[in-house]
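Geometric and topological summary
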Amino acid sequence: MEKEDYKSNYNTHVIRLVVILVVVGVGGYFAKAAFTPDTMGQYGHYRGSNVEEQKGREMRNMTNDSCFQCHKYIRRIHKNGVHKDVSCEVCHGAYADHVKDGKYIGKLPVKRGAEIKALCLRCHNKVIQARPRDSIKVVALPQHLEEKKVRTDHICDQCHMVHDPLLWVKQAREMMGMKEEK
Amino acid sequence: MQDIQEIKNEIAQDRRAFIKKVMGGAVAGSLLMVIPATATEIAEQIPGMRAEKTVFTKKRFAFIVDVTRCIGCGSCCVADRNEYDVPDGVYRTWVERYIIDDQDNVFVDSPNGGTDGYTEPRTDIPNPVRDTFFVPKLCNMCEKPSCVQVCPVGATYKTEDGFVLIDPKRCVGCGYCVQACPYSVRYFNKNHTADKCTWCYHRVRQGMLPACVNVCPVQARKFGDILDKSSEVYKILHEPHVISVLKPGMGNKPSLHYVGLRREVV
């Protein structure tokens, strides 16, 4: 009977604890629902709608054939030359800066002089050691110019048509009746 | 009198015909200006891709880099910077130059990631050179990506078709993935969210090859469907070759394969 006396009817602390837990639980549930994106977990632990967003990103580079749709004259030269695998956009700039929705929007910078030389030497510079042998024609400057008996300040495109490097060389040989150099 | 009247009638008719022609021409001309000149669509480079309407593609892609072909021109890096807005000093793809001397010392450099090409030879190598080659690097698209595992917010994820992508809206920029990637392909973009090479997911899903593959002048980069037995990628992976992946010991199982890779790189 004595134990009964010690038992308290005071239980506010328990009610408080339960109320707090319920509030945190319910609040947390709604907060999570509010802050989680709709498509989260649709295919996995990520926002499912991001796949479509990634897919719909605008393409900035196109292919050589896109350029040739308008540049028909260059197409004839470029496609028949040894540079047919060289991309237009690497030298000229991205398609998206030039054409949008089939309309002309801006001029791509024209490369001249030293810039052309730098572009040529990206691939054709012999002094860069790591080039695989027999892949492409490589030359060392100024030895190449000395060999051909021209001034050493010549720029590549004074002899080589950049879209088909051997075009003018072949034409000149035909005109002069020269034979292939050994 | 009657003759003159007939002639006048004829002229009147002719004028009507003339005006009709002019009007027709004007309408046609203005239509040409409205209809885009590139109305003909560019042929798709990945056969059957545009016809797919599912969220994920049924194809399984692999990327192969042929080290024995790469000439280190940096066209891939240029195309990549054309395609994406990449801050200076970080690279989605880059080209490394390896030089190995006869004492087996390895010298590696990559000025500006190879974006400007290689303009100068290495002059600081004391011994005769035994082997030199270029190694292009990009995202390995691991089967078990460490970056996805560490992301605390589910911003970086692997799709069912095998691409590892980053949701820029979810990314909080904590940088765990940048540290976790064993191949160091991740960086922070201008919005301070993690970014990396996606094998040009948007291009691939629109039927085009990745920008770097498209521009490579010596076909050192190859991209294709390994489920398609007629594809070049399938043939390379099923023929005897020196073929390997980077850091196989990490257990990430990359989908990026290298042909002719030297042991010094792995």
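Look above for the structure.
For every chain, the first residue of the written sequence is number 1, and numbering continues from 1 along that sequence. Chain letters start at A and ligand numbers start at 1, both assigned in the order the entries are written. At least 70 in pLDDT is required for a residue's local features to be given in this predicted model, at least 80 for side-chain atom pairs to be given and counted, and no such filter applies to totals for whole chains, interfaces and linings, which use all residues.

1. As for the overall build of chain B
Filter applied, for reference: In this description a helix means any DSSP run of H or I spanning at least four residues, a strand means any run of E spanning at least two, and both kinds are numbered starting from the N terminus. What counts as a contact is two residues whose backbone-derived C-beta atoms lie within 7 Å of each other.
Counting its secondary structure elements, chain B contains seven helices and eleven strands. The long-range share in chain B, meaning contacts at least 24 apart out of those at least 6 apart in sequence, stands at 62%.

2. Quick look at the environment of P248(B)
Residue and element names in this part refer to chain B. Put simply, the test is: With C-beta atoms placed from the backbone, a residue is labelled by how many other C-beta atoms lie within 10 Å of its own: buried for 20 or more, exposed for 12 or fewer, partly exposed between the two.
Looking at the secondary structure, you find P248 in the loop between β10 (243–244) and β11 (256–259). Classification of P248 by C-beta neighbours within 10 Å gives exposed; the count is 11. Sequence-wise, P248 and V266 are 18 residues apart; in three dimensions their C-alpha atoms are separated by 7.9 Å.

3. A word on the interface of chain B and chain A
Condition: Only Asp, Glu, Lys and Arg are considered charged, only Ala, Val, Leu, Ile, Met, Phe, Trp, Tyr, Cys and Pro nonpolar, and every remaining residue, Gly among them, polar.
Of the residues lining the interface, 47 residues belong to chain B; the matching set on chain A comes to 42 residues. Listed by contribution, the elements that provide at least two residues to the side of chain B that touches chain A are α2 (75–83), β2 (94–101), β4 (129–137), α5 (201–205) and α6 (211–215) of chain B. It is α2(B) that contributes the most residues to the side of chain B that touches chain A, five residues altogether. Its residues placed into classes, the side of chain B that touches chain A shows 24 nonpolar, 14 polar and nine charged.

4. Some thoughts on the sheet that holds β11(B)
Either a parallel or an antiparallel arrangement is found when strands of a sheet pair, and the pairing is made through backbone hydrogen bonds. All names here are of chain B. To keep it simple, the criterion reads: Strands pair, by our definition, only if DSSP identifies at least two bridges between them.
Spatially, the four strands line up as an open sheet ordered β9-β1-β11-β10, and their pairing is mixed. Only two strands of the sheet have a single neighbouring strand rather than two, namely β9 (221–225) and β10. Here β10 runs beside β11; their pairing, made up of two bridges, is antiparallel. Looking across to β11, one finds that I243 is bridged to V259.

5. Regarding helix α9 (residues 167–176) of chain A
α9(A) sits mainly on the outside: zero of its ten residues count as buried. Immediately downstream of α9(A), the backbone of G177(A) shows phi near 65 degrees, a positive value.

6. Some details on the environment of V233(B)
Residue and element names in this part refer to chain B. Mapped onto the elements, V233 comes out in helix α7 (residues 232–237). Here the alpha-carbon distance between V233 and I64, two residues 169 residues apart in the chain, equals 7.0 Å. Here V233 is in contact with A62, I64, K222, G224 and I226, once residues within four sequence places are set aside.

7. Notes on the nonpolar core
Residues and elements named next belong to chain B. Quick reminder of the rule: Residues of type Ala, Val, Leu, Ile, Met, Phe, Trp, Tyr and Cys that are buried and joined through C-beta atoms within 7 Å form what is called a nonpolar core.
One finds F63, M141, V164 and W199 to be the most contacted residues of the largest nonpolar core, which totals 64 residues. Among the elements that line this core, the one with the most residues is strand β1 (residues 61–66), at five residues. For W199, the residues in contact, after removing those within four places along its chain, are F61, F63, C139, M141, F163, V204 and P210.

8. Digging into unusual backbone geometry
Among all residues except glycine, the phi angle is most often negative; among peptide bonds, the trans geometry is most common. L141(A) connects to P142(A) through a cis peptide bond whose omega is 5 degrees. Even without glycine at this site, D101(A) takes up a positive phi of about 50 degrees. Mapped onto the fold, D101(A) is located in the loop between β1 (99–100) and β2 (103–104). Even without glycine at this site, W199(B) takes up a positive phi of about 55 degrees. As for its position among the elements, W199(B) is in the loop between β8 (194–195) and α5.

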